[in-house]
Amino acid sequence: MNKFNLSITVLCVSLCVEGVCAQDTIRQTITLDEIFTLADRNSKSLRPSVTAIDEAREAVRIVKNDRLPDIEASLSFSYLGDGTLMERDFTQVERAPMPHFGNNFALEVSQIIYSGGAVPNSIAIAHLQEEIARLNWKKDRNKIHFLLAGYYFDLFKQQNILKVYERNIEQTKQLLKDIRAKQGEGLALKNDITRYELLLSDLEFTVVQLKNTMDILNRNLTTQLGLDETVQILPDTTLLSRVLPLGDEPYWQGEAVENSPELKQLELAVQQTKHQDKIVNSDRLPHVAFIAGNHFDGPITIEVPPINKNFNYWYVGVGVSYNLASLYKTNKSASRSKLTIRRTQEQYADAREQTELAVQAAYVRYIEAYEQLNTREKGVELAAQNYAVIANRYKNELSLITDMLDASNAKLSAEVQLANAQIDIAFNYYKLLYLTGTL
């Protein structure tokens, strides 16, 4: 093998080794605030909303062009054929020579002075649409944050449950060891060992399911955040130790009315329909414009015979136009416009009512989560005491293996419920933030 081939081989091997190393899992603790920051920067789901803001901003600039003057210029050169003269009864036809070279140059300027309010209201609508686009981005951002918070808390919950199951697997293995020792002494039956082996098998399979679920949640998070799929996200354990603000229901209702992007969008929609109504009514008003122009034409063909000279003239003035058809056409449009305003107002009222109901339900669940935590903590304490008593009685041959199974299952269930209750408090708090548009 020559030196070149040897170098290529070494390079390929080194790249393969680096590729294998690159696939190693990178465990990284990421706070929920960092999750939101990464999502704002990298989430593809938010990019259309950002582009829509830029699009709406450009629309404002386009509409503002209506305030600028219209300028039209035209230039033409032509060949003029000879004319023909004849009587009205098409007799006595004779040829009328014409200058054959024709030219025309025109420059006309018009500036709207008054349009019945159509131009300023169109600009106002464009500004409202830009603000609606911003609110739509905020709404999408709020949804993405809540979606990621759900993944994050689910991942947190699965990891806590996994710890509980792993701890119970260790306890079950130790119990199996004790039972096997008793069997050697003739104090336990083979059936007792079989039951706990079945329990251990079920626990180990549940651990497999939990890890698979964690992989799915982790992939959802890393994809949305633009992270490499080899990154394994570890939730911030200090999150559960934070003191989350309670507040009363009126506080959260006020936050929703003040900050909800959905409600604000509907408020702007009402304003938009009112401006649209003014545009419809502007058809009933005269339009006034300043006009100016200059024409340079040749030859002068309005004379017979035509004059082979250039003729230049200019003018300035004020033009007034009024669409008489608006007297009988605009009424229906105005009536429809009023109905549109009423519909958007009804939509806002309905959305506000639904938001208030959702906030009220979320607040009740938030307070309930604290009560649930107290109950689950007490349940774990009682289940642990019960397990200790049954285990001691079983060692002293005062209880059956079925009692041990029941006590073990009760203890496992209580610990899982406690782990879930701690997460539920934080989740319900962030759900309130989501519903009020402050996430």
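Quantities reported herein were computed from a predicted structural model and do not represent experimental measurements.

1. Topic: the overall build of the protein chain
And step 1. Each helix and strand counted, the protein chain has nine helices and eight strands in total.
And step 2. For the protein chain, the C-alpha radius of gyration of 40 Å lies well beyond 22 Å, the compact-globule estimate for 439 residues.
And step 3. Projecting the C-alpha coordinates of the protein chain onto the three principal axes gives extents of approximately 145 × 80 × 40 Å.
And step 4. The buried share of the protein chain, reckoned over its 439 residues, is 36%.
And step 5. A sequence separation of at least 24 residues applies to 81% of the contacts in the protein chain between residues at least 6 apart.

2. Topic: the confidence of the model for the protein chain
And step 1. Looking at the protein chain as a whole, the pLDDT averages 86, with 94% of positions reaching at least 70.
And step 2. Looking across the protein chain, the model is least confident in helix α1 (residues 3-22), with a mean pLDDT of 39, and most confident in helix α3 (residues 47-64), with 93.
And step 3. Scored below 50 in pLDDT, residues 1-22 shows three contacts in the model against residues more than four places distant or in partner chains.

3. With respect to the packing of aromatic side chains
And step 1. Following the criterion strictly, the structure yields 13 aromatic pairs and no others.
And step 2. For the ring pair W252 and Y429, a centre distance of 6.1 Å and an interplane angle of 80 degrees mean the geometry is edge-to-face. Placement of W252 in helix α6 (residues 249-259) and of Y429 in helix α9 (residues 401-435) is noted, with a sequence separation of 177 residues between them. No difference in accessibility class separates W252 from Y429, as the two residues are buried.
And step 3. Arranged with centres 5.5 Å apart and planes meeting at 85 degrees, the rings of Y429 and Y430 form a pair that is edge-to-face. For the pair Y429 and Y430, one class covers both residues: buried.

4. Re the nonpolar core
And step 1. By size, the foremost hydrophobic cluster in this structure holds 69 residues, and its most contacted members are I35 and Y430.
And step 2. For this core, the secondary structure elements donating two or more residues are α2 (32-42), α4 (118-184), α5 (190-225), β6 (231-235), α6, α8 (326-395) and α9.
And step 3. Those residues in contact with I35, other than ones at most four positions away along the chain, are I30, L148, Y152, L225 and I233.
And step 4. V60, V119, I123 and A126 belong to the second largest nonpolar core, which has five residues in total.

5. Brief notes about the sheet that holds strand β2 (residues 70-79)
And step 1. If you trace the four strands from one edge of the open sheet to the other, you get β2-β5-β7-β8, paired in antiparallel fashion. Two strands lie at the open edges of the sheet, namely β2 and β8 (311-321), each paired on one side alone. Geometrically, the sheet is characterised by an average inter-axis angle of 15 degrees between neighbouring strands, direction not taken into account.

6. Side note on unusual backbone geometry
And step 1. G298 connects to P299 through a cis peptide bond whose omega is -5 degrees.
And step 2. The topology assignment puts P299 in the loop between β7 (287-298) and β8.
And step 3. Even without a glycine there, the phi angle at F90 is positive, about 70 degrees.
And step 4. Within the secondary structure layout, F90 lies in the loop between β3 (83-85) and β4 (94-96).
And step 5. In this structure F90 comes out as exposed when scored by relative accessible area, which is 63%.
And step 6. Despite not being glycine, Q92 shows a phi value in the positive range, around 55 degrees.

7. Quick word on empty space enclosed by the protein
And step 1. Tallying each qualifying case throughout the model produces one cavity of 30 Å³ or more.
And step 2. What lines the largest cavity is L175, D178, K182, Y394 and K395.
And step 3. Going through the elements one at a time, α4 and α8 are the ones with two or more residues in the lining of the largest cavity.
And step 4. Sorting elements by how many residues they give to the lining of the largest cavity places α4 first, with three residues.

8. Remarks on the environment of L135
And step 1. For L135, the location among the structural elements is in helix α4.
And step 2. Judged by its relative accessible area of 7%, L135 is buried.
And step 3. Separated by 11 residues in sequence, L135 and A124 have C-alpha atoms that sit 17 Å apart.
And step 4. Once you skip the residues sitting within four places of it in the chain, L135 turns out to touch P261, K264, Q265 and L268.

9. Regarding the environment of K274
And step 1. Locating K274 in the fold gives a position in helix α7 (residues 261-282).
And step 2. Since its relative accessible area comes to 41%, K274 is described here as partly exposed.

10. What to know about a nonpolar patch on the surface
And step 1. Among the surface-exposed residues, I113, Y114, L285, F290, W314, V316, V318 and V320 lie close enough to one another that they form a single nonpolar patch of about 830 Å² accessible area.
And step 2. Of all elements in the fold, only β5 (101-114) and β8 reach the threshold of two or more residues within the nonpolar patch.
And step 3. Here the element with the most residues in the nonpolar patch is β8; it accounts for four residues.
And step 4. Counting through the fold element by element, W314 comes out in strand β8.

11. Remarks on a negative patch on the surface
And step 1. A surface patch of like charges, here negative, comprises D66, D70, E72 and E108.
And step 2. Tracing the chain through its elements places D66 in the loop between α3 and β2.

12. Quick notes on the packing of α7 against α8
And step 1. As a packed pair, α7 and α8 sit with axes 9 Å apart at the nearest point and diverge in direction by 170 degrees. Here α8 runs roughly antiparallel to α7, going by the angle between their axes.
And step 2. Of the residues in the contact of α7 with α8, the class split is nine nonpolar, 11 polar and five charged.

Calculation rules
Counting restarts for each chain: residues are numbered from 1 in the order of the written sequence. Residues qualify for local features only when their pLDDT is at least 70, as the model is predicted, and side-chain atom pairs are given and counted only at 80 or more; totals for whole chains, interfaces and linings, by contrast, use all residues. The basis for the side-chain values is all heavy atoms of the structure; hydrogens and waters are excluded. Secondary structure elements are defined from DSSP: runs of H or I of at least 4 residues count as helices, runs of E of at least 2 residues count as strands, and each element is numbered from the N terminus. Every radius of gyration here is taken over C-alpha atoms, with the globule rule written as 2.2 Å times N^0.38, N being the number of residues. The rule is simple: take the accessible area with a 1.4 Å probe, protein chains only, and divide by the maximum for that residue type; under 20% is buried, over 50% is exposed, in between is partly exposed. Two residues form a contact once any of their heavy atoms are found within 4.5 Å. For every residue, the pLDDT score states the predictor's confidence, bounded by 0 at the bottom and 100 at the top. Aromatic rings from Phe, Tyr and Trp, with only the six-membered ring used for Trp, were paired whenever their centres fell within 6.5 Å, and each pair was classed as stacked if the ring planes differed by under 30 degrees, edge-to-face if by over 60, and tilted otherwise. By nonpolar core is meant a set of buried Ala, Val, Leu, Ile, Met, Phe, Trp, Tyr and Cys residues that side-chain atoms within 4.5 Å join together. A pair of strands counts as paired when DSSP detects no fewer than two bridges linking them. Think of each axis as a best-fit line through the C-alpha atoms, taken over the contacting stretch in the case of a helix, with angles from 0 to 180 degrees between the N-to-C directions. Cavities and pockets are defined on a 1 Å grid built over the protein atoms alone: a cavity is a set of grid points where a 1.4 Å probe fits but cannot escape, while a pocket is an open set with protein on both sides within 12 Å along at least five of seven lines, and lining residues are those with an atom within 4 Å of any such point. Grid points are joined across faces, edges and corners, and a volume is the space filled by probe spheres set on the points. Residues form patches when they are more than 30% accessible in relative terms and have no salt bridge. Like charges link within 9 Å. Nonpolar side chains (Val, Leu, Ile, Met, Phe, Trp, Tyr) link within 5 Å. Under the convention used here, a 1.4 Å probe and the Shrake-Rupley method define accessible areas, while residue burial counts only the protein chains that appear. Here a salt bridge means any side-chain nitrogen of Lys or Arg lying within 4 Å of a carboxyl oxygen belonging to Asp or Glu. Counting rule for charge: Lys and Arg are taken as positive, Asp and Glu as negative, and neither His nor the chain ends is counted. Charged side chains are reduced to one point each, which is NZ for Lys, CZ for Arg, CG for Asp and CD for Glu. Any angle between 65 and 115 degrees counts as roughly perpendicular, while under 35 counts as roughly parallel, over 145 as roughly antiparallel, and the rest as oblique. Basically, the charged four are Asp, Glu, Lys and Arg, the nonpolar ten are Ala, Val, Leu, Ile, Met, Phe, Trp, Tyr, Cys and Pro, and anything else, Gly included, counts as polar.

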